[in-house]
Amino acid sequence: MEPKDEDKEKYLREELVEPKKPIIYYIDPATPIQWREKIIAGVYDWQAAFEKYGFKNAVIAKIPDENDKDFDIDDVDIRVITYAASPKSNAMGPSVVDPRSGEIIESDIIWWHNVMTFSSEWMRIQTRLTRSKAREMCLVMNIWVKQFVLFLLMKLVIRLA
């Protein structure tokens with residue numbers, strides 16, 4: 001990540017600047033509506049980490065406009081947090097990295113629906129004796145979606161460092 005050309009001096013003075021190319025994640029339109037805002041919030045929680053390195057507005061989350069003819073979920077130039085309705089309990093964060101510079105050229109986050117059930121059950125089992133609210137399925141699901149996105153983005157940020 002690098003500052004805009006006009007902000008290089010500000011960046012060297014350790015002022016917050018906007019990056020030349022912010023990291024933009026699109027939210028898969030197939031993602032259930034009740035989780036979209038939580039996923040977006042998880043993406044924006046990473047702003048603080050980038051601000052420590054001098055960049056504001058470095059990570060952006062968008063829901064694609066259904067009328068956007070240029071949006072293609074399979075386009076290699078577009079980063080997508082993809083929802084997969086499947087009985088599989090899994091998630092992954094594939095990326096394409098330039099071996100010369102280490103720059104992450106493209107990355108995606110893919111999560112299968114049943115990972116929600118698996119993680120919710122795991123969290124309830126691990127915390128039910130100490131946290132009565134952890135027994136409530138909806139609360140656990142909402143907390144987990146945001147934490148899951150944070151975890152996957154953390155893996156990508158570690159690669160950027």
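Analysis parameters
- The residue numbering used here restarts from 1 in each chain and proceeds along that chain's sequence as written.
- Where totals are concerned, whole chains, interfaces and linings use all residues; where local detail is concerned, this predicted model gives features only for residues with pLDDT of at least 70, and gives and counts side-chain atom pairs only at 80 or more.
- Calculation of side-chain values draws on the structure's entire complement of heavy atoms; hydrogens and water are dropped beforehand.
- Only DSSP runs of H or I with at least four residues qualify as helices, and only runs of E with at least two residues qualify as strands; both kinds are numbered from the N terminus onward.
- For each residue, the accessible area found with a 1.4 Å probe, counting protein chains only, is set against the maximum for its type, and the residue is called buried under 20%, exposed over 50%, and partly exposed in between.
- Should any heavy atoms of two residues lie within 4.5 Å, those residues are counted as being in contact.
- We get accessible surface area from the Shrake-Rupley algorithm with a probe of 1.4 Å; when it comes to residues, only the shown protein chains can shield them.
- Each nonpolar core is a collection of buried residues, namely Ala, Val, Leu, Ile, Met, Phe, Trp, Tyr and Cys, held together in the definition by side-chain atoms within 4.5 Å.
- When a carboxyl oxygen of Asp or Glu is within 4 Å of a side-chain nitrogen of Lys or Arg, the pair counts as a salt bridge.
- Each Phe, Tyr or Trp ring (for Trp, its six-membered ring) is paired with any other whose centre lies within 6.5 Å, and the angle between the two planes then decides the class: stacked below 30 degrees, edge-to-face above 60, tilted in between.

A.B. asks: Requested: an account of the overall build of the chain, with residues and values cited.
C.D. replies: A count of helices and strands for the chain gives five helices and seven strands. When the helices and strands of the chain are read in sequence order from the N terminus, they spell out α-β-α-α-β-β-β-β-β-β-α-α. Across the 161 residues of the chain, 37% fall into the buried class. When contacts within the chain are restricted to residue pairs at least 6 apart in sequence, those whose partners lie at least 24 apart make up 63%. Summed over all atoms, the accessible surface of the chain reaches about 10,100 Å², with 53% contributed by carbon and sulfur.

A.B. asks: Please set out the nonpolar core residue by residue, giving values where relevant.
C.D. replies: One recurring pattern in soluble globular proteins is that nonpolar side chains are buried together. I27, I39, F50, V59, I81 and W111 are the most contacted members of the largest nonpolar core, which has 19 residues in total. If one sorts the elements of this core by residue count, helix α2 (residues 33-44) sits on top with four residues. With sequence-adjacent residues up to four places away left out, V59 is seen in contact with I23, V43, Y44, W46, Q47 and F50.

A.B. asks: Tell me about the pattern of salt bridges, residues and numbers included.
C.D. replies: Pairs can form between side chains of opposite charge whenever their charged atoms are close. Going through the model one piece at a time under the given rule, you end up with eight salt bridges. In this structure, K8 and D5 form a salt bridge, with 3.5 Å as the shortest nitrogen-oxygen distance. For E15, the salt bridge identified is with R13, shortest N-O distance 2.9 Å. Note on R13: relative accessible area 51%, which makes it exposed. If you follow the salt bridges from partner to partner, you end up with E2, D5, K8 and K20 in one network.

A.B. asks: Just give me the short version of the packing of aromatic side chains, but keep the residues and values in it.
C.D. replies: On inspection of all chains with the given rule, the structure shows five aromatic pairs. Linked through ring pairs, W35, Y83 and W111 together constitute an aromatic cluster.

These results come straight from atomic positions and should not be treated as a statement about function.
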